[in-house]
Amino acid sequence: MSIVTLEINGRKVQGNLEDTILDVCNKNGIHIPTLCHFEGLIDVGICRMCLVEVRGAKGLLPACVTKAKDGMVVTTENEKIFALRRSNLEMLFSERNHFCMFCEKSGDCELQKLAYEHGLDHVRYGFFWPSLPMDMSRKYFLYDQNRCILCRRCVRACEEIAGHAVLTVKDRGPKSMVCPDDDLPFNESTCVSCGTCLQVCPTGALADRKSSYVGRQAQMTRNKSTCTFCSIGCEIEISSRDGEPLRVEGIFGQGPTKGVLCSSGRFEPLFECRKRRKSPLICREGVTKPASLPEALAYVADKIKYFGIDSFAGLISSRATNEAASQFKRLFGDNTFLIDPSGTPLGNAFISDIDDADCIAVVGVNLDDDFKAASSFVKRAANRGANLVVVGSSGKRVNLRASCHLQEDDECNLGKILERASKPIVIYGPDTGSSMMEFLWKLRPGVRQIGLAFGSNSRGIEKLGIKPWEGDKKYKGVYVLLADLVLPDTVSAFLSNVDFVAIQSCYEGETAVRADVFLPSRAWYERTGTYVNTENRVGQLERVPQSLPIAPPDEEVVLRLYSLLN
């Protein structure tokens, strides 16, 4: 890669040929203030905060969109530049309502931080402050136009990172506003509440309902973990306070989706409405009473001894960690079954490979509903011109971007389309028919393929030799390790014909009513251990630090039961 050498503030520095002046400065530890710039987004030079002086140029130039050239002499700080940046900040504060003391973002706001850096204690211009609407129609976060600085980071992120291309800017001048689609309320638009715009917003224009006004980021604990709500296993960072998770963010550039999240991983877990149960229950002769963990485990052990271990089945959900599943298999042996198996063979490619594909075929999977983070990769590939082929249906929003629709069994035409592409990739899911799967299998290794598995950790649990549950055998007793999975109807019907039922779950309600013994399980943010995602990558779960006692890990509960039986 070619190298360019510049002189910045009297210092010789180097960068790559395609770098901007801002890129070179960032690589060499030279600070330049920015607002519209965000790593990973195409720069547009709107905010004018990164203006620099380049010898020989007419006027100041925005560093974020000016290519670095060999021999350039650049000045990033002097009285003229500082005064212009301060003036730009004054205009931003005068155009919209940025009363920091009343803003949820105060203390974490990039605009406020730059105001402090430039000693802004008053504004010389008049305050326009038009009365602009707030959109509170979304369940998880709101949009306040009065605090928007029109940096367009949200607009660009919605298209370039999330792939949805929902946001745009309407009108011009003081009337300019960011809006979804044709200026619809967010709840009526094509917005899917993935929250990417929220994560990149530099001010309080976008605020989520869960973490607002409960503390600044510096007062929160931040820890990295893995999303447990589908088999993609996105890497996440959880912000918490006093043991309660308040915000989930993607880690840009890391994990299977490089920071892209969906509403199922970012918001829905924070708004869980099922009632949590943290202590055991025992039901005897129709009367349910609280019990200690040793008492509850002893009761389960007595029942297993009475019926015999071969008459007991262990049903485990894919929300369980590999560590818990290993102990579970050790306890129940060949009578251990996975409630929600993957249903999808392993592929030979990664989700990130979609970015360089020129043809994408989606088969047997509803990306809109079941694998929303993967749908972002497909949509943004279609946005940049990749040929998208949908076999059957892949959800309304993905279908709209397809250039070709094929019937579910149209293997012939699918093969012809893939042959014409130079970098094809196929994404298949649990609903792919056996005939189509055989056809796709024959295309390997020439055609890259991504298999999207059903069940969060089904790949990891199946690797331990745990078979899918088919419900075709009768048992005297059943132990169900649900973790935070909702009890499936098929399992619920099966349990009604079993003499003894023990359920280990985070939540009561239907699960507690069905159980002769209810045992507590840790919630998603309390777990440690590992998951294996749909690509066969191992993801690490790290729990949010807790200030109060919590239930033992699932594997410890199962191990205690094993010890009572041996």
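The structure displayed is predicted, hence computed values, not measured ones.

**Considerations on the pattern of salt bridges**
- Evaluated as defined, the whole model comprises 27 salt bridges.
- Salt-bridge contacts for D355 lead to R380; the nearest nitrogen and oxygen are separated by 3.0 Å. Of this pair, D355 sits in the loop between β17 (336-338) and β18 (359-363) while R380 sits in helix α10 (residues 372-383), and the two are 25 residues apart along the sequence.

**Side note on the packing of helix α8 (residues 322-332) against helix α17 (residues 554-565)**
- Taken N-terminus to C-terminus, the directions of α8 and α17 make an angle of 20°; their axes are 8 Å apart at the nearest point. Accordingly, the angle class assigned to the pair α8 and α17 is roughly parallel. Crossing handedness for the pair α8 and α17: left-handed. For the pair α8 and α17, contact is made by E323, A324, Q327, F328, R330 and L331 and by D554, E555, V558, L559, L561, Y562 and L565, respectively.
- Tallied by class, residues from the contact of α8 with α17 come to 8 nonpolar, 1 polar and 4 charged.

**A few points about the packing of aromatic side chains**
- This structure, assessed with the given rule, holds 17 aromatic pairs.
- A centroid spacing of 6.2 Å and a plane angle of 90° characterise the contact between Y143 and F186, whose relative ring orientation is edge-to-face. Linking Y143 in strand β7 (residues 141-144) with F186 in the loop between β9 (177-180) and α5 (196-200), this pair joins segments that are 43 residues apart in sequence. Each member of the pair Y143 and F186 is classed as buried.
- Aromatic pair F307 and F312: ring centres 6.3 Å apart, planes at 45°, arrangement tilted.
- A residue is classified by how much of its surface remains accessible, and F312, at 0% relative accessible area, is buried.
- An aromatic cluster is built from Y299, Y306, F307, F312 and F500, whose rings are joined through pairwise contacts.
- For R380, the ring lying beneath its charged end belongs to F377, and the centroid distance is 4.2 Å.

**Focus on the nonpolar core**
- Ranked by internal contacts, the top residues of the largest apolar core, which has 45 residues, are I354, I360, L367, V378, L388 and L452.
- Listed by contribution, the elements that provide at least two residues to this core are β12 (235-241), β18, α10, β19 (387-391) and β21 (424-428).
- For this core, the element with the most residues is α10, which contributes 6 residues.
- Among all residues touching I354, those that are not within four sequence positions of it are I360, F377, V378, A381, R384, I425, I427 and I450.
- If you look at the next biggest cluster of nonpolar residues, it comprises 30 residues, including A301, F332, L338 and I466.

**Focus on unusual backbone geometry**
- That bond from R444 to P445 is cis: its omega, 0°, falls within 30 degrees of zero.
- Within the secondary structure, P445 is located in the loop between α13 (434-443) and β22 (448-451).
- Its identity as a non-glycine residue notwithstanding, N536 has a phi of 75°, on the positive side.
- Turning to its location among the elements, N536 is positioned in the loop between β27 (529-532) and β28 (538-541).

**Considerations on the sheet that holds β12**
- In space, the 3 strands of this open sheet follow the order β11-β12-β13, with antiparallel pairing throughout. Of all the strands in the sheet, the pair left with one neighbour each is β11 (221-226) and β13 (244-250). Sheet twist, expressed as the average angle between the axes of neighbouring strands with direction ignored, equals 30°.
- In the sheet, β12 pairs with β13 via 6 bridges, with the strands oriented antiparallel. For S240, the partnering residue across the bridge sits in β13 and is P245.

**As for the environment of L293**
- Inspection of the secondary structure puts L293 in helix α7 (residues 293-307).
- Exposure remark for L293: the relative accessible area of 12% places this residue in the buried category.
- What L293 contacts, discounting residues up to four positions off in sequence, is P280, L519, P552, V557 and R560.

**Details of the packing of α7 against α17**
- At a closest axis distance of 9 Å, the pairing of α7 and α17 adopts a crossing angle of 50°. Classed by the angle they form, the pair α7 and α17 counts as oblique. Note that α7 runs across α17; the crossing there is right-handed. From α7, L293, L297, A298, V300, A301, I304 and K305 reach across to α17, where they touch V557, R560, L561, L564 and L565.

**Here we look at the sheet that holds β18**
- Reading across the sheet, the 5 strands line up as β20-β19-β18-β21-β22 and stay open at both edges, with parallel pairing between neighbours. Looking at which strands have only one partner, the edges of the open sheet turn out to be β20 (404-406) and β22. The mean angle between the axes of side-by-side strands here comes to 20°, regardless of whether they run parallel or antiparallel.
- Here β19 pairs with β20 via 3 bridges, running parallel. For V390, the partnering residue across the bridge sits in β20 and is H405.
- The sheet strands contacting α10 are β18, β19 and β21, and the helix crosses β18 at an angle near 145°.
- Taken strand by strand, α13 contacts β18, β19, β21 and β22, and its axis lies near 150° from that of β21.

Rules and cut-offs
Residues numbered from 1 in each chain as written. Predicted model: local features only at pLDDT ≥ 70, side-chain atom pairs only at ≥ 80, totals over all residues. Heavy atoms only, no water. Salt bridge = Lys/Arg side-chain N within 4 Å of Asp/Glu carboxyl O. Helix = DSSP H or I, 4+ residues; strand = E, 2+ residues; numbered from the N terminus. Axes fitted to C-alpha atoms, helices over the stretch in contact; angles between N-to-C directions. Parallel < 35°, antiparallel > 145°, perpendicular 65-115°, else oblique. Left-handed = near helix turned anticlockwise from the far one by under 90°. Contact = heavy atoms within 4.5 Å. Nonpolar A, V, L, I, M, F, W, Y, C, P; charged D, E, K, R; others polar. Phe/Tyr/Trp six-rings, centres within 6.5 Å; stacked < 30°, edge-to-face > 60°. Buried < 20%, exposed > 50% of the residue type's maximum accessible area, 1.4 Å probe, protein only. Lys NZ or Arg CZ within 6 Å of the ring centre and 35° of its normal. Core = buried A, V, L, I, M, F, W, Y, C linked by side-chain atoms within 4.5 Å. Pairing = 2+ DSSP bridges.

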